[in-house]
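Chain residues, written in single-letter form:
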Amino acid sequence: MIEHRADVPSATTPNSAPRSAVALVDASSSVERELIGGWLAEGGIAAEFGIDAPVTQLDLDPAAVAERLVGRHDDPLVVPVRVLWLPPERDGVRRTTFTDLVSLSNPRKPHRLMQRRLVAKSPDRHLVLTGQPARLSELRANNPGVASSAEPFARAIVRAGIVALERAERSVIGDRYKVPRLVVEEILDSPEFLRRLDAIAAHIGVDPSEVYRRAEKSLRELVAAQSRLVSDLFTQAMRPVHASAWKVDFEPSGLAGLRRLNRRYPLVFLPSHRSYVDAFVLGDVLGRNDFPPNHVIGGANLSFWPMGPIARRTGTVFIRRSFGDDEVYKAVVEEYFAYLLAKRFNMEWYFEGGRTRTGKLRPPRYGLLNYLAAALRARRVDDVMLVPVSITYERLNELGAIATEQVGGVKKAEGLTWLARYIRNQQHSAGHVYVRFGEPLSARGRLAAHGDPLVPDTGPAQPLPDEVREQERKAVQRLAFEVAVGINAITPITVNALVTLALLGVHERALTLGEVRAVVLPVLGYIERRGLPSGELAALRTDHGVAVVLEQLSLAKVVTVYRGGLEAVYAIEPGAHLEAAFYRNSAVHWFVNRAILELAVLTAVEAPEGKQLDAGWEAAYRLRDLLKFEFFFPERAEFAAQISREMLLVDPEWHNHTGDGTVGADILARLADTGFIMAHRVLRSFFDAQLVVAERLAARAVDEPLDRKQFLDECLAVGRQMQLQQRLHSPESVSSELFSTALKLADNHGLLDPEGVDPAARRRAFADELRTIGARISRAATLDPSNRVEV
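Here's a quick rundown of the structure. Bear in mind the structure is a predicted one, so any value in this text is a computation, not a measurement.

**Here's the deal with the overall build of the chain**
Check the secondary structure of the chain and you find 33 helices and 18 strands. Across the 791 residues that make up the chain, the buried fraction comes to 54%. A fraction of 78% describes how many contacts in the chain between residues 6 or more apart in sequence connect residues 24 or more apart. With an accessible surface of roughly 34,700 Å², the chain has 52% of that area assigned to carbon and sulfur atoms.

Here you go:
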């Protein structure tokens with residue numbers, strides 16, 4: 001019933017044998033009481049724990065415990081007892097299925113008549129279970145805040161007994177059935193939480209009873225009421241839906257280390273978010289490997305009936321999108337987070353704040369990480385292990401809707417109609433889904449390394465100094481950055497990513513099968529030399545393998561095929577450039593440094609002799625700055641080392657060629673001789689989007705107020721015009737997501753501030769700079785072997 005501490009002796013050590021015992025009986029029917037009574041009469045406790053002492057039976061109920069246990073002056077051994085009912089065994093696994101529901105009874109909680117039948121006909125379907133016992137003195141020592149009050153102490157004993165029985169059950173049925181019990185009651189009994197609510201009541205001038213009422217209401221709205229029955233049935237219902245769409249590919253070796261860590265620390269899984277099915281896919285992988293279910297933090301948009309009630313019973317925590325200055329709700333969220341982590345329940349959320357619309361990682365949101373950091377600073381939990389998770393799909397059936405949202409379409413509200421359409425779409429095969437687990441990060445260790453003083457918040461009455469708040473803010477941001485880098489580091493390159501990379505790199509032109517292979521093969525060699533993670537890329541080394549990928553993309557209406565000539569030719573389907581870019585962008589981060597190198601070299605060869613090397617490095621650092629809201633770059637020194645390694649892949653002797661600061665024009669030939677150029681394939685859409693934003697800013701009066709939504713709508717409209725005029729290379733540049741990030745960059749550079757130094761001139765200079773970069777990207781495209789068309 002307790003987690004033993006070093007200064008508290010074990011309840012069952014021989015030199016402290018108890019003189020009496022109390023069986024706390026958790027029974028819901030006369031059948032269960034008979035089974036437990038018979039077990040006790042046959043000496044069950046003596047046989048189980050090796051003691052021979054009188055046994056008192058009490059209901060596992062606060063009133064009974066308060067009346068007959070907490071006031072005792074002896075020191076009995078307290079043993080929680082219940083009957084565990086099991087589903088029938090099928091193929092070596094005991095799990096509830098829809099077939100079991102024919103009996104109109106939950107196999108894990110059968111009704112009384114079914115219990116009688118099971119005792120007589122299926123004795124293997126039940127067993128009497130005991131939880132870890134504790135001496136009454138130990139229970140007092142472990143609950144010092146309430147040990148002097150009968151009713152609160154009784155409730156604490158009951159909760160400890162239930163937790164002990166839950167742990168004992170999991171030793172039989174597996175960790176995947178770890179679920180919390182009596183969460184609201186335990187939190188509302190916490191003296192520390194009640195003191196915080198009192199402080200909030202005093203601060204906002206509200207009666208404490210009203211604050212307590214609001215806190216309880218918020219807790220019951222927030223807390224996930226997990227059910228083993230619903231979890232079993234939901235898994236059974238959803239697994240075939242997704243199994244028909246994807247073949248899940250994961251590395252079991254990575255889970256062994258996580259399981260060992262989970263014995264000491266709670267795990268927080270932070271996956272990339274590309275699809276509504278991410279939680280189902282990850283949950284299925286973890287469940288099959290006997291991990292306890294994650295508490296998944298979800299948005300209220302998915303709480304509609306029947307998904308909402310089902311999701312809550314499978315561990316989803318629906319948190320309000322925004323709660324502004326609601327101090328009570330904020331306190332409840334923080335307390336619930338701290339409770340789950342302190343009890344070592346695993347959690348999961350998507351720190352990008354929503355599904356990616358471009359295929360690559362979005363900038364992180366920090367809200368939930370702040371709650372986790374608050375629990376660490378308050379020493380509610382020793383440490384938390386953050387697990388970066390990459391979930392990468394070869395194809396996504398929901399991609400059309402994502403692309404529509406990028407060009408200004410209204411997102412369709414989730415509901416029953418949406419759910420039916422979603423399930424119907426999953427019937428189409430979509431290849432592999434790759435689930436990869438990154439190196440776990442110690443949240444406490446990394447926050448400390450990033451300068452977080454890790455001091456507890458003293459509340460609104462005594463706020464922390466601004467400099468401490470700033471240290472905390474920066475530490476959380478850097479921790480989020482590390483998680484994002486961890487996700488990118490394990491994200492594999494898929495066959496669709498490479499094929500769309502090839503097709504998007506040729507402007508308005510179709511490629512033959514051989515031409516597609518000619519683009520892909522040198523990139524495969526580059527991937528192998530760098531040892532990058534990948535999917536089933538070996539298939540792209542044969543004509544047949546490439547043809548299969550192209551045909552599947554054709555079925556998905558991403559690629560169009562023309563077969564009327566001498567041989568089939570392939571191109572991006574008209575109107576499907578955003579879908580194609582989504583696949584490419586899942587792996588685009590692996591090629592960004594190569595693309596930056598190419599543009600830096602082009603800048604260098606334009607510079608005066610003797611200053612070329614400096615010009616190239618200056619260009620590389622500037623490109624890194626312009627792309628900092630799109631990609632996760634390391635510190636300046638590490639970035640320079642990465643660019644140097646890229647250069648050595650092109651020319652192993654390049655250091656010997658640049659001693660005088662001169663970069664020879666032959667370096668361009670060496671880049672082309674690698675068989676591929678990346679700048680136009682990887683970076684053009686981002687810089688084109690930045691150009692649209694820059695030109696629209698330059699065209700505005702400096703003192704004209706900027707409404708962000710209206711401005712982004714204007715960028716979408718003008719972007720379509722520029723694309724039709726072929727001032728933009730591709731429709732993939734006309735994206736609300738890319739425009740939004742470009743506007744964030746402009747703001748970061750002070751271009752939205754009308755009070756700055758000559759903002760109009762700086763806006764024009766920004767647009768001019770982006771036009772120059774665009775011209776260099778076009779020149780890079782002419783160096784690409786795939787753009788040298790032989791007639």
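From this point on, the discussion continues.
**A look at the side chain of serine 390**
Checked against the element boundaries, serine 390 lands in strand 13 (residues 385-393). A relative accessible area of 0% places serine 390 in the buried class. A polar atom in the side chain of serine 390 sits 3.2 Å from the side chain of threonine 392. Those residues within four positions of serine 390 in sequence are excluded, and the remaining contacts are Ser272, Tyr434, Val435, Arg436, Ile487, Ile490, Thr491 and Pro492.

**A look at the environment of leucine 340**
For leucine 340, the position within the fold is in helix 14 (residues 327-342). Setting aside residues no more than four positions away along its own chain, leucine 340 makes contact with His295, Phe345 and Met347.

**Comments concerning helix 22 (residues 543-555)**
The end-to-end C-alpha separation of helix 22 is 18 Å, in line with the 18 Å expected for 13 residues at 1.5 Å each. Those residues of helix 22 that fall on the buried side of the exposure criterion are Gly545, Val546, Ala547, Val549, Leu550 and Leu553. Contacts made by the buried residues of helix 22 are with helix 20 (495-504), helix 21 (513-530), strand 17 (559-562), strand 18 (569-572) and helix 23 (577-585). Lysine 557 sits one or two residues past helix 22 and shows a positive phi near 60°.

**Details of unusual backbone geometry**
Its identity is not glycine, yet lysine 557 carries a phi of approximately 60°, on the positive side. Its location among the elements puts lysine 557 in the loop between helix 22 and strand 17. Look at glutamine 726: it is not a glycine, yet its phi comes out positive at around 65°. Among the structural elements, glutamine 726 can be located in the loop between helix 31 (708-724) and helix 32 (736-748). Owing to a relative accessible area of 59%, glutamine 726 belongs among the exposed residues under this scheme.

**Focus: the packing of helix 25 (residues 612-626) against helix 33 (residues 759-783)**
At a minimum axis separation of 13 Å, helix 25 and helix 33 run at an interaxial angle of 115°. Our classification of the angle between helix 25 and helix 33 gives roughly perpendicular. In this structure, the crossing between helix 25 and helix 33 has a hand that is left-handed. Facing helix 25, whose interface residues are Arg622, Leu623 and Leu626, helix 33 presents Phe766, Glu769 and Ile773.

**Here we look at the packing of aromatic side chains**
The geometry of an aromatic ring pair comes down to the distance between the two centres and the angle between the two planes. The tally for this structure, following the rule as stated, stands at 12 aromatic pairs. An aromatic cluster of at least three residues, connected via ring pairs, comprises Trp617, Tyr621, Phe631, Phe633, Phe639 and Phe686. The ring of phenylalanine 631 has lysine 360 lying over it, and the distance from NZ or CZ to the ring centre is 5.4 Å. Stacked on the ring of tyrosine 621, the Lys or Arg arginine 636 has its end atom at 3.6 Å from the ring centre.

**Concerning the sheet that holds strand 16 (residues 511-512)**
Taken together, three strands build an open sheet; the order of strands is 16-18-17 and the sheet is antiparallel. If you trace the sheet from one side to the other, it starts and ends with strand 16 and strand 17, each paired once. The sheet contact formed by strand 17 and strand 18 spans four bridges and is antiparallel. From the neighbouring strand, tyrosine 562 faces strand 18, where its bridge partner is valine 569.

**Quick look at the environment of glutamate 470**
In this fold, glutamate 470 is placed in helix 19 (residues 466-490). A residue is classified by how much of its surface remains accessible, and glutamate 470, at 31% relative accessible area, is partly exposed. Sequence spacing of glutamate 470 and glycine 451 is 19 residues, and the spatial spacing of their C-alpha atoms is 9.9 Å.

**Quick look at the nonpolar core**
If you look at the biggest cluster of nonpolar residues, it comprises 126 residues, and the most contacted ones within it are Phe437, Ile493, Leu498, Leu540, Phe591, Ile596 and Leu683. With nine residues, helix 24 (residues 592-606) is the largest single contributor of residues to this core. Excluding residues that lie within four positions of it along the chain, isoleucine 596 makes contacts with Ala620, Leu623, Arg624, Leu627, Phe633, Phe639, Ile643 and Leu683. Counting 56 residues, the second largest nonpolar core, distinct from the first, contains Tyr329, Ala331, Leu361 and Leu376.

**Describing the packing of helix 25 against helix 26 (residues 636-650)**
Viewed as axis vectors pointing N to C, helix 25 and helix 26 meet at an angle of 120°, and their least axial separation amounts to 11 Å. Note that helix 25 runs across helix 26; the crossing there is right-handed. Of helix 26, the residues touching helix 25 (which contributes Trp617, Ala620, Tyr621 and Arg624) are Arg636, Phe639, Ala640, Ile643 and Ser644. Here the contact of helix 25 with helix 26 is built from residues that sort into six nonpolar, one polar and two charged.

**What to know about the pattern of salt bridges**
Here the structure, examined in full by the defined rule, presents 50 salt bridges. Between arginine 530 and glutamate 646 there is a salt bridge, with the nearest N and O atoms lying 3.2 Å from each other. Linking arginine 530 in helix 21 with glutamate 646 in helix 26, this pair joins segments that are 116 residues apart in sequence. The class for arginine 530 is partly exposed, based on a relative accessible area of 31%. We classify glutamate 646 as buried; its relative accessible area is 3%. Note that aspartate 713 is salt-bridged to lysine 709, the shortest N-O span being 3.2 Å. With aspartate 713 and lysine 709 both in helix 31, this residue pair falls four residues apart, about one helical turn. Among the residues examined, lysine 709 registers a relative accessible area of 60% and is labelled exposed. Through salt bridges with shared partners, a single network forms among Arg155, Arg159, Glu186, Asp189 and Lys343.

**Some remarks on the side chain of serine 29**
Within the fold, serine 29 resides in the loop between strand 1 (21-26) and helix 1 (30-41). A polar side-chain atom of serine 29 sits 3.2 Å from the main-chain amide nitrogen of glutamate 32.

**Some thoughts on the pairing of strand 1**
Most of strand 1 sits out of view: five of its six residues are buried. Here strand 1 runs beside strand 2 (residues 55-59); their pairing, made up of five bridges, is parallel. Bridging across to strand 2, alanine 23 finds its partner in glutamine 57. Bridge count for strand 1 against strand 3 (residues 77-85) is six bridges, and the pairing is parallel. When the bridges of strand 3 are listed, alanine 23 appears paired with valine 79.

**Some thoughts on the environment of asparagine 397**
With respect to the helices and strands, the residue asparagine 397 is situated in the loop between strand 13 and helix 16 (399-406). For asparagine 397, a relative accessible area of 25% gives the class partly exposed. It is 9.3 Å that separates the C-alpha atoms of asparagine 397 and serine 275, two residues lying 122 residues apart in sequence.

Procedures and definitions
- The numbering scheme is per chain: residues are counted from 1 as the chain's sequence reads.
- Only residues with pLDDT of at least 70 get local features here, since the model is predicted, and only at 80 or more are side-chain atom pairs given and counted; chain-wide, interface and lining totals rely on the full set of residues.
- Hydrogen atoms and water are omitted, and side-chain values are computed over all heavy atoms in the structure.
- Only DSSP runs of H or I covering at least 4 residues are called helices, and only runs of E covering at least 2 are called strands; the numbering of each starts at the N terminus.
- Residue burial is assigned from relative accessible area. The probe radius is 1.4 Å, only protein chains are included, and a residue is buried under 20% of its type maximum, exposed over 50%, and partly exposed in between.
- Residues are treated as being in contact if the distance between any of their heavy atoms lies within 4.5 Å.
- To be clear on the numbers: accessible area is Shrake-Rupley with a 1.4 Å probe, and residue cover counts the displayed protein chains and nothing else.
- Definition of a polar contact: a pair of N or O atoms within 3.5 Å, with one able to donate and the other able to accept a hydrogen when the atoms are protein atoms, and with sequence-neighbouring residues admitted only if both atoms are side-chain atoms.
- Helix span is expected to be 1.5 Å times the residue number reduced by one.
- In this description, a line fitted to the C-alpha atoms serves as the axis of each element, helices being fitted only across the stretch in contact, and the angle between N-to-C directions of two axes falls anywhere from 0 to 180 degrees.
- Roughly parallel means an angle under 35 degrees; roughly antiparallel, over 145; roughly perpendicular, 65 to 115; everything else is oblique.
- Put simply, a crossing is left-handed when the front helix is turned counterclockwise from the back one by less than a right angle, and right-handed when it is turned clockwise.
- Side-chain rings of Phe, Tyr and Trp (the six-membered ring for Trp) are treated as a pair once their centres are within 6.5 Å; stacked means planes under 30 degrees apart, edge-to-face means over 60, and tilted covers the remaining angles.
- In our convention, an over-ring charge means Lys NZ or Arg CZ found within 6 Å of a ring centre and within 35 degrees of that ring's normal.
- By definition, two strands form a pair when at least two bridges between them are found by DSSP.
- To form a nonpolar core, buried Ala, Val, Leu, Ile, Met, Phe, Trp, Tyr and Cys residues must be joined to one another through side-chain atoms within 4.5 Å.
- Side-chain classes follow a simple rule in which Ala, Val, Leu, Ile, Met, Phe, Trp, Tyr, Cys and Pro form the nonpolar group, Asp, Glu, Lys and Arg form the charged group, and the remainder, Gly included, forms the polar group.
- Salt bridge, as applied in this entry: a Lys or Arg side-chain nitrogen positioned within 4 Å of an Asp or Glu carboxyl oxygen.

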